[in-house]
Amino acid sequence: MTERTLDAAASSACGCKVGRISEQYDLIGLDEELVSYWTDRTDDRYSTRDLAEHVNQRVLEAALDDAGLQYKDGEVENTYRLLTGDDVSSGTRVQTRKELERDAVPVEDVESDFVSHQTVYNHLTGCLEASLESPSDEERLERSRDKLGALRNRTAAVTEDTVAQLERSDVLDIGEFNVLVTVTVTCEDCKQQYTIRDLLDQGSCRCAESDA
Ligand SMILES: [Zn+2]
Ligand SMILES: [Zn+2]
């Protein structure tokens, strides 16, 4: 798909959130950028998270332009970080939003136009029909599911053997038994627990989802 050219009509035709904001903010060349950054064969290749950040920074930049603001090199990136960064205090965030509002930037609207990595992924693979020759996020998830599933089965088998052996030598007393292996992952940010299976299906912790 790297060689395919994307005409403007194709990008405005898609009704997903990326297509919508691309049209609304007049983000010229966005689709071409997304595809080429994503399919880049070098180490500079963007992850879908990087791409979402890129889209959102372009949205923010367009909003600053619309408000007639002047900004220096790197200022859009920095403002984006202040609005969304995990390492930014809520006081700083509130201050940043206030300043933008004072400068007539509709912060709330802009923030609700920010997209998630999943939305970008769907736009790339669904609307633009882009694909990677290196494994896609979906393929990697699928492989990881298989690998962890095999590991769980092995853990269950070894556990079953061990219990049965101990029972045979009268060290352990138990009736008919079943072994169930569940691996849970806890997000330390919000303490939410997931089975590894649910987490892989979901693709991110609830607390990390900025939009649906
Ligand atoms: Zn789309
Ligand atoms: Zn979380």
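Residues numbered from 1 in each chain as written. Chains lettered and ligands numbered in written order. Predicted model: local features only at pLDDT ≥ 70, side-chain atom pairs only at ≥ 80, totals over all residues. Heavy atoms only, no water.

**Q** Kindly report on the coordination of the zinc ion (ligand 2), identifying the contributing residues and their values.
**A** Coordination of the zinc ion (ligand 2) by the protein involves Cys187 (SG), Cys190 (SG), Cys205 (SG) and Cys207 (SG), with metal-donor separations of 2.2 to 2.3 Å. Around the zinc ion (ligand 2) sit 4 donor atoms, and with donor-metal-donor angles ranging over 97 to 114° the site reads as tetrahedral. Sequence spacing of the donors to the zinc ion (ligand 2): C-x2-C-x14-C-x1-C. Taken as a pair, cysteine 187 in the loop between β1 (184-186) and β2 (193-195) and cysteine 207 in the segment after α10 (196-202) lie far apart in primary sequence, 20 residues in all. Among the residues examined, cysteine 207 registers a relative accessible area of 43% and is labelled partly exposed. (Donors = N, O, S within 2.8 Å, 3.2 Å for Na, K, Ca; no water. Tetrahedral: all angles 85-135°; square planar, octahedral: opposite > 155°, others 65-115°. Helix = DSSP H or I, 4+ residues; strand = E, 2+ residues; numbered from the N terminus. Buried < 20%, exposed > 50% of the residue type's maximum accessible area, 1.4 Å probe, protein only.)

**Q** How would you explain the pattern of salt bridges if you had to name every residue and give the values?
**A** In this structure the tally under the stated criterion is 6 salt bridges. One salt bridge in this structure joins glutamate 188 and lysine 191, with 2.6 Å as the shortest N-O distance. Bridged by salt links that share partners, the residues Glu142, Arg145 and Asp201 form one connected network. (Salt bridge = Lys/Arg side-chain N within 4 Å of Asp/Glu carboxyl O.)

**Q** Account for the coordination of the zinc ion (ligand 1), naming residues and giving values.
**A** Reference values for angles at a metal are 109.5 degrees in the four-donor tetrahedral case and 90 or 180 degrees in the six-donor octahedral case. Distances from the zinc ion (ligand 1) to its protein donors, namely Cys14 (SG), Cys16 (SG), His123 (ND1) and Cys127 (SG), fall within the range 2.1 to 2.3 Å. Around the zinc ion (ligand 1), the 4 donor atoms sit at angles spanning 102 to 116°, and that spread fits a shape best called tetrahedral. Positions of the donor residues of the zinc ion (ligand 1), expressed as sequence spacing, correspond to C-x1-C-x106-H-x3-C. Here cysteine 16 is found in the loop between α1 (8-13) and α2 (17-24), whereas its partner cysteine 127 is found in helix α8 (residues 117-127), with 111 residues between them in sequence.

**Q** Describe the packing of aromatic side chains, and please don't skip the residues or the numbers.
**A** Aromatic rings in a pair are described by how distant their centres are and how their planes are angled relative to each other. Under the defined criterion, the tally for this structure stands at 3 aromatic pairs. Look at tryptophan 38 and tyrosine 121: their rings are 6.1 Å apart centre to centre, the planes differ by 80°, and that puts the pair in the edge-to-face class. Of the two residues, tryptophan 38 is situated in helix α3 (residues 30-39) and tyrosine 121 in helix α8; the sequence distance between them amounts to 83 residues. By relative accessible area, which is 11% here, tyrosine 121 ends up buried. (Phe/Tyr/Trp six-rings, centres within 6.5 Å; stacked < 30°, edge-to-face > 60°.)

**Q** Got a sec to walk through the layout of surface pockets? Specific residues and values, please.
**A** Regions of empty space are outlined by a rolling probe, equal in size to a water molecule, passed over the atoms. Each pocket or cavity is described by its volume, and for the second largest pocket that value is around 360 Å³. Lining the second largest pocket are 19 residues, with His117, Gln118, Asp137, Leu141 and Gly203 sitting closest to its centre. Sorting the residues of the lining of the second largest pocket by element identifies α4 (48-66), α8, α9 (137-168) and α10 as the ones contributing at least two each. It is α9 that contributes the most residues to the lining of the second largest pocket, 6 residues altogether. (1 Å grid on protein atoms, 1.4 Å probe; cavity = no way out; pocket = protein on both sides within 12 Å on 5 of 7 lines; lining within 4 Å. Points joined across faces, edges and corners; volume = space filled by probe spheres on them.)

**Q** Could you give an account of a negative patch on the surface, naming the residues involved and the relevant values?
**A** Residues Asp50, Glu53, Glu61, Asp65, Asp66, Asp73 and Glu77 make up a contiguous surface patch of negative charge. Assignment of secondary structure puts aspartate 66 in helix α4. (Patch = residues over 30% accessible without salt bridge, like charges linked within 9 Å, V, L, I, M, F, W, Y side chains within 5 Å. Areas by Shrake-Rupley, 256 points an atom, 1.4 Å probe, with all protein chains shown as cover. Lys, Arg positive; Asp, Glu negative; His and termini not counted. Charge placed at Lys NZ, Arg CZ, Asp CG, Glu CD.)

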